[in-house]
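# Structural description and commentary
Each chain is listed here by its residues.
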Amino acid sequence: MTQNKEDLNMDNNLQSICNLINDSCSNRVATFSNAETAKYTDLAIREGFFNILGDDKLTWRGWRNHRNEIFTIMEEVLDTNLPLAWENSTFYNQFVESKNGALGDKNEFVVEDNSILIASRFSGNHWDTDRKKLHGKRSFSIDTEWYYIHIYDDLERFLKGITTLPEMVSRMQKAMQNTIDDRIFTAFNGAGTYLPAAFQVSGTYDRIKMSELIQKVQYASQKNVVLAGTKTALSAIVDGMDSKWISNSQKEEMATKGAVLENTGLGVIAIEIPQTFVRGTYDFKVDNKSIFVLPDNEKFIKLFFEGDTRARELGSPDTHDQTIDTQIQTKAGVGCVFSNVFGKYTVV
């Protein structure tokens, strides 16, 4: 069936808007470094939306008649930009092996030794944490599930010039990323419960005990190690330093970053685990008392992103008012694969 000229022009317009948004968010145009460029980029994208809506503002009728085209843009932009957050994160670069189904990657991960897989699933308003032993070198896949966010007046605020394009996309990206991070941290918090006693330390932080734990993991894994914990947990490292021997570089790092990560005085670096709230509460999701001693360059978190983002409108029967409420869903899977050799220091 031949596509008519009007539909072809609409498809080209949608793709042009998607390309410009993606280029802006990936810095292929100087959106973030040049205020004038950012202004004109935003203007061009607003004009593209107005061409779709057939008006220079977002109206109820325009939304009703053209919401599917706008959904297409949201889906395309999130499929492209959500993985960029992982590429730019120190935590993800160090600990997460991610694969993207939208780029043709297979949902397949390989482990080299006897490892334990911790898979985090959400079911029936509670967390179920499954564990299974993986013997020898073998491949496995991660079970995927749907993640969702709600968008209310974000598009309207952008079209009115109240927020910028990077702000609008960043809000969607961050909301979805927080949801995925929740799954990662749920699995992460389950680590260490089955460790041999020799690789667990609990009590007041003591530099000598931490050094001994680091040596055990280094010797057992035959690798260098890194420390990982929240900013609160890692602050114990400073408490364990002898004030007479604190270097200027350690003082400067503490003063500028609020923690000592590069100059721990332990011969290893520390990496901060981002903290987040349990959804709907102000309770922290990540354990603030645990410092993990992990083999370096061992990406024990496995993340598969299917890249099939979907959006739909929740109309007045769903929201019971006339707000333009959109739900966006994407599908991904998360699991943690821990080797037998790592340490956990619980500061009490």
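Our structure's up above, just so we're on the same page.
Every chain is numbered independently, its residues counted from 1 as its sequence is written. Under the rules for a predicted model, residues below a pLDDT of 70 receive no local features and side-chain atom pairs below 80 are neither given nor counted, while totals for whole chains, interfaces and linings still include all residues. Side-chain numbers come from the whole structure's heavy atoms, not from hydrogens or water.

## Quick word on the sheet that holds strand E8 (residues 225-229)
- Here, any two strands with at least 2 DSSP bridges between them count as paired. For the purposes of this entry, the term helix denotes a DSSP run of H or I that reaches at least four residues, the term strand denotes a run of E that reaches at least two, and both are numbered from the N terminus. Pairing in this open sheet of five strands is mixed, and the strands run E7-E14-E10-E8-E9 from one edge to the other. In this open sheet, the two strands that pair with only one neighbour each are strand E7 (200-203) and strand E9 (270-272). For this sheet, the mean inter-axis angle between neighbouring strands, taken without regard to orientation, is 20 degrees.
- Strand direction decides the pairing type here: E8 and E9, joined by three bridges, are parallel. Among the inter-strand pairings, alanine 228 is bridged to a residue of E9, identified as isoleucine 271.
- Along the sheet, helix H7 (residues 207-221) contacts E7, E8, strand E10 (290-295) and strand E14 (343-347); its crossing angle with E10, the most-contacted strand, is approximately 30 degrees. Between N-to-C directions, angles span 0 to 180 degrees; the directions come from axes that are lines fitted to C-alpha atoms, helices contributing only their stretch in contact. In this analysis, two residues are considered to be in contact whenever any of their non-hydrogen atoms come within 4.5 Å of each other.

## A look at the nonpolar core
- We define a nonpolar core as any set of buried Ala, Val, Leu, Ile, Met, Phe, Trp, Tyr and Cys residues linked to one another through side-chain atoms lying within 4.5 Å. Throughout this description, buried means an accessible area under 20% of the type-specific maximum (1.4 Å probe, protein chains only), exposed means over 50%, and partly exposed covers the range between. Core analysis: the largest hydrophobic core is formed by 58 residues, its most contacted members being Phe49, Ile73, Phe91, Phe95, Ile180, Ile301 and Ile328.
- Broken down by element, this core gets its largest block of residues, nine residues, from helix H3 (residues 60-87).
- For phenylalanine 49, the residues in contact, after removing those within four places along its chain, are Ile17, Ile70, Ile73, Leu155, Phe158 and Leu159.
- One finds Phe199, Val268, Val293 and Tyr345 within the second-largest nonpolar core, a separate group that totals 25 residues.

## Let's talk about the side chain of asparagine 81
- Relative to the assigned elements, asparagine 81 resides in helix H3.
- You can call asparagine 81 buried: its relative accessible area is 1%.
- Non-local contacts of asparagine 81, meaning those with residues more than four positions away in its chain, are made with Asn22, Cys25 and Gln173.

## Quick notes on the pairing of strand E11 (residues 301-305)
- Of all five residues in E11, five are buried, a share of seventy percent or more.
- Both faces of E11 are covered, namely the face carrying Ile301, Leu303 and Phe305 and the face carrying Lys302 and Phe304.

## Describing the packing of aromatic side chains
- Ring pairs are drawn from Phe, Tyr and Trp, using the six-membered ring of Trp, whenever the two centres fall within 6.5 Å, and their geometry is named by plane angle: stacked under 30 degrees, edge-to-face over 60, tilted for the rest. Applying the stated rule across the entire model yields five aromatic pairs.
- By the ring-pair criterion, three or more aromatic residues cluster together here, those being Phe91, Tyr92, Phe95 and Phe300.
- Remark: a charge is flagged as sitting over a ring if the NZ atom of Lys or the CZ atom of Arg is within 6 Å of the ring centre and within 35 degrees of the ring normal. Taking the ring centre of phenylalanine 109 as reference, the NZ or CZ of lysine 99 above it sits at 5.0 Å.

## Overview of the environment of methionine 241
- Looking at where methionine 241 falls in the secondary structure, it is placed in the loop between helix H8 (231-239) and helix H9 (248-257).
- The spatial distance from the C-alpha of methionine 241 to the C-alpha of leucine 266 is 9.8 Å, given a sequence separation of 25 residues.

## So, empty space enclosed by the protein
- Detection works on a 1 Å grid of protein atoms alone, calling trapped sets that fit a 1.4 Å probe cavities and calling open sets with protein on both sides within 12 Å along at least five of seven lines pockets, with lining residues defined by an atom within 4 Å of a point. Grid points are joined across faces, edges and corners, and a volume is the space filled by probe spheres set on the points. Tallied over the full model, the rule gives three cavities of 30 Å³ or more.
- The computed volume of the largest cavity comes to approximately 60 Å³.
- Forming the walls of the largest cavity are Ile21, Phe49, Ile73, Met74, Val77, Leu155, Met168, Val169 and Met172.
- Counting only elements with at least two residues in the lining of the largest cavity, the list comes to H3 and helix H6 (165-189).
- Three classes are used: nonpolar for Ala, Val, Leu, Ile, Met, Phe, Trp, Tyr, Cys and Pro, charged for Asp, Glu, Lys and Arg, and polar for all others, with Gly counted as polar. Looking at side-chain class alone, the lining of the largest cavity contains nine nonpolar, no polar and no charged residues.

## Focus on H7
- When the terminal C-alpha atoms of H7 are compared, their 21 Å separation across 15 residues agrees well with the 21 Å that a helix rising 1.5 Å per residue should span.
- When H7 is considered as a whole, its buried residues turn out to be Met210, Ser211, Leu213, Ile214, Val217 and Ser221. All buried residues of H7 project into a common sector of 160 degrees when viewed along the axis, lining one side. Exposed side chains of H7 directed beyond 90 degrees from the buried face belong to Ile208, Gln215 and Tyr219.
- Those residues of H7 hidden inside the fold are in contact with E7, E8, E10 and E14. Multiplying one less than the number of residues by 1.5 Å gives the expected span of a helix. It is the directions from the helix axis to the C-beta atoms that the arc portrays.

Honestly, that's just the spatial picture; any functional story needs more than this.
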